[in-house]
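# Structure at a glance
The residues making up each chain are set out below.
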Amino acid sequence: MRNPIRRLAFLGTGQMGKPMIRRLLGAGFEVTVWNRTIEKAQDLERDGAIVAKNPVDAARGQDAVVTNETDGGTVNHVLISQGVEEAMEPGRLVIEMSSIKPKEGRAQAAELDRRGIAHLDAPVSGGTRGAADGSLAIMVGGPQDTFDKALPVFEALGRATRVGDTGAGQLAKLSNQAIVATNIGAVAEALLLASAG
């Protein structure tokens, strides 16, 4: 993988993807974007992004590919079935920023490793506001040296913490969601108690 990373493909320009892409463009990265519904990506051209017609064209020749899709099945379809991994050169990097199952992240990392492509699972917390202002919490699983190479990408988006090996980022995100859900439940119970009193 060339160092530093300057050219990125970003696959998935939804509510989280768009502000993240704008942060990367603002940090000086060259970003090629793709979305299943191409109309949802086209307004990013005004910000300086290049819009690709398909994920393979987006990934070809990039230093790294960032995926931000709805679920693990979609990520796998884009990376494997649609041929993104075949379009990437050995030594490049996939940064998986979708929230998917840890076992899916590990399986994708193993498949990419067979082609000599590095992988980090790096789901985020902070919502669209955090994506827009660059304050996302990024939980990263993968090798330390790969994490170090990807730090400039993460620094444009928020605060990244390597939490362990491949799959650990997704596990940390699941744990975070459990904490959030528990807190929401506690607040709801407290409000009911206060209202009844």
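In what follows, the accompanying structure is described. (Residues numbered from 1 in each chain as written. Predicted model: local features only at pLDDT ≥ 70, side-chain atom pairs only at ≥ 80, totals over all residues. Heavy atoms only, no water.)

## Observations regarding the side chain of aspartate 43
For aspartate 43, the location among the structural elements is in the loop between helix H2 (39–42) and strand S3 (50–51). At 3.0 Å, the side chain of aspartate 43 and the side chain of lysine 18 are in polar contact. Sequence-distant contacts of aspartate 43, defined by excluding residues within four places in its chain, comprise Lys18 and Arg22. (Helix = DSSP H or I, 4+ residues; strand = E, 2+ residues; numbered from the N terminus. Polar contact = N/O pair within 3.5 Å; in protein donor to acceptor, adjacent residues only side chain to side chain. Contact = heavy atoms within 4.5 Å.)

## Remarks on the packing of aromatic side chains
In total, this model carries 1 aromatic pair according to the counting rule given. Lying over the aromatic face of phenylalanine 29, arginine 6 brings its terminal NZ or CZ to 4.4 Å of the ring centre. (Phe/Tyr/Trp six-rings, centres within 6.5 Å; stacked < 30°, edge-to-face > 60°. Lys NZ or Arg CZ within 6 Å of the ring centre and 35° of its normal.)

## Considering the layout of surface pockets
Its volume calculated, the largest pocket comes out at about 350 Å³. Looking at the largest pocket, it is lined by 20 residues, and the ones nearest its centre are Gly14, Met16, Asn68, Glu69 and Thr70. Across the lining of the largest pocket, the residue classes tally to 4 nonpolar, 12 polar and 4 charged. (1 Å grid on protein atoms, 1.4 Å probe; cavity = no way out; pocket = protein on both sides within 12 Å on 5 of 7 lines; lining within 4 Å. Points joined across faces, edges and corners; volume = space filled by probe spheres on them. Nonpolar A, V, L, I, M, F, W, Y, C, P; charged D, E, K, R; others polar.)

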